[in-house]
Amino acid sequence: MQIGSAAGLVLGRGLFPRLVFGGLLLFLLILTRWLWIDCDGGTPSLTEYGYFATDEGFYAGGGKQKFLFGRFISFIRANPNTYAICPSSHVLTWIAYSIFGQNTWAHRFFPLLLNTAAWLGLYAFLSRKTLAWIAFTLCACCILNPIQLVYSRTVCNDTLMGSLLLLGYIVTRRGGRLFPFLGGCVFGLGLWIKQSIWLLVLFGIGGAWMSSAAKGRWQRLACFLAGFAVSCCIQYGLIRLLIYPDAVVQDVSIDELLDASDSSYPLPNPFDWVSTLKGVSSFPRFPSGGLLGIWIPLFLVFPALMLLRRLTERPIRWDGRLLLYLLPPLYAAGIMIMPVYYAHYFIPVIAIMPILWFEARHDLKLWIGSDRRFSVALLVIAVLFVYA
């Protein structure tokens with residue numbers, strides 16, 4: 001009887017179970033991330049290539065250069081070659097070295113701090129709307145995913161983007177008009193991280209477009225877009241202003257500095273059918289690949305079928321969940337036709353899976369017990385996608 005009472009206390013609702021499972025989540029984050037702050041993030045065999053030995057230095061070198069020589073970008077050496085791609089990692093490295101000194105772990109401090117804050121914030125958001133142990137399970141499954149696990153221990157712009165998406169969505173999803181505006185401002189910070197924000201902002205738009213009243217949806221959406229536009233303009237100016245002294249000292253323009261520090265892959269032409277079909281055919285679909293595993297059908301097939309199911313309703317319910325279901329397949333489609341493929345590109349999509357699952361509950365409850373054929377279709381198509 002006492003065991004049942006204790007289990008009910010921990011697994012039920014209330015502040016106590018939220019604190020218990022929140023503490024467990026923090027323990028997992030410390031155990032799997034913070035204890036690795038001065039270590040190799042992981043083995044190349046698990047993560048495609050030696051990210052720790054190559055890209056992490058590329059994405060932190062500008063901060064070290066600013067700390068030692070007073071400039072983020074060296075025009076003559078075209079170093080670093082990633083400032084134009086991800087200014088935030090260089091700026092955070094510079095700030096960390098200014099506080100902790102130049103050492104072997106400081107450059108990871110702020111990415112780890114943001115990542116920890118994002119997951120704890122997501123847990124707090126979910127545990128208010130569902131049972132604490134469910135919120136913990138959703139978050140724990142994602143943070144222990146091998147790709148998330150390894151790259152979250154390093155300076156990685158995809159991990160930074162995932163953290164930003166979670167924090168921005170949490171702010172955006174709150175009631176009223178002010179919070180969608182502030183959420184839009186948070187999403188605008190994505191310019192500091194990666195150009196994929198122009199697609200991933202659909203995640204924030206979807207959150208702003210959710211409201212019980214149709215009129216409220218459009219007002220919240222307008223506030224979010226206004227905040228995003230204002231923030232993007234400010235971030236665009238700040239990114240350029242930060243390297244203005246570098247341009248003056250080296251007698252070059254800001255645009256020349258940015259061009260010298262841009263090693264991004266060219267955007268693909270989707271109408272180049274030969275290249276597009278090659279990319280689609282080489283896209284990893286099977287769990288035995290060892291990189292994304294079962295997450296492929298989870299973050300691709302499931303939202304795609306949820307979107308299809310919503311579009312077959314009559315009348316169609318136009319709300320933010322449509323965009324949430326659309327984003328993962330659309331994001332995957334963009335990566336499929338890229339000239340290169342790396343599994344860590346999917347880190348932002350893996351990060352938003354707990355929110356996607358949580359928001360999908362609303363639709364699944366409406367459909368339960370009515371159209372079982374869609375459940376069968378989900379299973380059959382997922383199996384075919386994985387093993388075909």
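The preceding data block contains the structure.
Residues numbered from 1 in each chain as written. Predicted model: local features only at pLDDT ≥ 70, side-chain atom pairs only at ≥ 80, totals over all residues. Heavy atoms only, no water.

(A) Structural detail: the overall build of the protein chain. Scanning the protein chain for helices and strands turns up 19 helices and 0 strands. The buried share of the protein chain, taken over its 388 residues, is 49%. (Helix = DSSP H or I, 4+ residues; strand = E, 2+ residues; numbered from the N terminus. Buried < 20%, exposed > 50% of the residue type's maximum accessible area, 1.4 Å probe, protein only.)

(B) Main features of the packing of aromatic side chains. The final tally for this structure, using the stated rule, is 15 aromatic pairs. Note on phenylalanine 21 and phenylalanine 136: the rings are 5.6 Å apart at their centroids and 45° apart in plane angle, and the pair reads as tilted. Linking phenylalanine 21 in helix 2 (residues 15-32) with phenylalanine 136 in helix 6 (residues 132-143), this pair joins segments that are 115 residues apart in sequence. By way of ring pairs, the aromatic residues Trp34, Phe100, Trp105, Phe109 and Phe110 are connected into one cluster. (Phe/Tyr/Trp six-rings, centres within 6.5 Å; stacked < 30°, edge-to-face > 60°.)

(C) Geometry of the nonpolar core. Counting 87 residues, the largest nonpolar core has Trp119, Leu122, Phe203 and Phe299 as the members making the most contacts within it. When residues of this core are assigned to their parent elements, the largest contribution, 9 residues, is made by helix 16 (residues 320-336). With residues near it in sequence (within four places) discarded, phenylalanine 203 still touches Leu165, Tyr169, Phe187, Leu324, Leu327, Ile352 and Ile355. Membership of the second largest hydrophobic core comes to 5 residues, among which are Ile147, Tyr151, Cys156 and Ala343. (Core = buried A, V, L, I, M, F, W, Y, C linked by side-chain atoms within 4.5 Å. Contact = heavy atoms within 4.5 Å.)

(D) Expanded view of the environment of alanine 226. Within the fold, alanine 226 resides in helix 11 (residues 214-242). Measuring from C-alpha to C-alpha, the distance between alanine 226 and leucine 182 comes to 9.5 Å, with 44 residues separating the pair along the chain.

(E) Fine view of helix 10 (residues 197-208). In this model, helix 10 (12 residues) spans 16 Å end to end at C-alpha, consistent with the 16 Å of a helix rising 1.5 Å per residue. Most of helix 10 is tucked away, with 10 of its 12 residues classed as buried. Buried residues of helix 10: Ile197, Leu200, Val201, Leu202, Phe203, Gly204, Ile205, Gly206, Gly207 and Ala208, and no others. (Expected span 1.5 Å × (residues − 1).)

(F) Region of interest: the pattern of salt bridges. Inspection of every chain in the model, using the stated rule, returns 11 salt bridges. The salt bridge partner of arginine 108 is glutamate 56, with a shortest N-O separation of 2.8 Å. With arginine 108 in the loop between helix 4 (87-100) and helix 5 (109-127) and glutamate 56 in helix 3 (residues 55-69), this pair connects stretches of sequence that are 52 residues apart. Glutamate 56 matches arginine 108 in its accessibility class, with the two residues each being buried. For arginine 240, the salt bridge identified is with aspartate 255, shortest N-O distance 2.7 Å. (Salt bridge = Lys/Arg side-chain N within 4 Å of Asp/Glu carboxyl O.)

(G) Molecular detail of helix 9 (residues 178-188). All of the buried residues along helix 9 are Pro180, Gly183, Gly184, Phe187 and Gly188. Down the axis, helix 9 shows its buried residues gathered within 145° of arc, on one side only. (Arc of directions from axis to C-beta.)

(H) Structural context of a negative patch on the surface. Together, Asp251, Glu256, Asp259 and Asp262 give the surface a local cluster of negative charge. Relative to the assigned elements, glutamate 256 resides in helix 13 (residues 254-260). (Patch = residues over 30% accessible without salt bridge, like charges linked within 9 Å, V, L, I, M, F, W, Y side chains within 5 Å. Areas by Shrake-Rupley, 256 points an atom, 1.4 Å probe, with all protein chains shown as cover. Lys, Arg positive; Asp, Glu negative; His and termini not counted. Charge placed at Lys NZ, Arg CZ, Asp CG, Glu CD.)

(I) Inspection of the environment of arginine 18 at higher detail. Here arginine 18 is to be found in helix 2. The partly exposed category is assigned to arginine 18, whose relative accessible area is 23%. In this structure the C-alpha to C-alpha distance between arginine 18 and tyrosine 123, which are 105 residues apart in sequence, comes to 8.8 Å. Leaving out residues up to four positions away in the same chain, arginine 18 has contacts with Tyr123, Ala124, Ser127, Arg128 and Ala132. A polar contact is formed between the side chain of arginine 18 and the side chain of serine 127, at a distance of 3.0 Å. (Polar contact = N/O pair within 3.5 Å; in protein donor to acceptor, adjacent residues only side chain to side chain.)

(J) Spotlight on the packing of helix 10 against helix 16. Two elements in contact, helix 10 and helix 16, have axes whose closest approach is 8 Å; the angle formed by their N-to-C orientations is 160°. In terms of orientation, helix 10 lies roughly antiparallel with respect to helix 16. Of the two elements, helix 10 crosses helix 16, and the hand of that crossing is left-handed. Packed against helix 10, whose contacting residues are Leu199, Leu200, Leu202, Phe203, Ile205 and Gly206, the element helix 16 presents Gly320, Leu323, Leu324, Leu327, Leu330 and Tyr331 at the interface. Residue classes in the contact of helix 10 with helix 16 are distributed as 10 nonpolar, 2 polar and no charged. (Axes fitted to C-alpha atoms, helices over the stretch in contact; angles between N-to-C directions. Parallel < 35°, antiparallel > 145°, perpendicular 65-115°, else oblique. Left-handed = near helix turned anticlockwise from the far one by under 90°. Nonpolar A, V, L, I, M, F, W, Y, C, P; charged D, E, K, R; others polar.)

(K) Region of the structure containing the state of the cysteines. Counted according to the given criterion, the structure contains 0 disulfides. Unpaired in terms of disulfides, cysteine 233 finds its nearest cysteine sulfur in cysteine 232, a separation of 7.0 Å. (Disulfide = S-S within 2.5 Å.)

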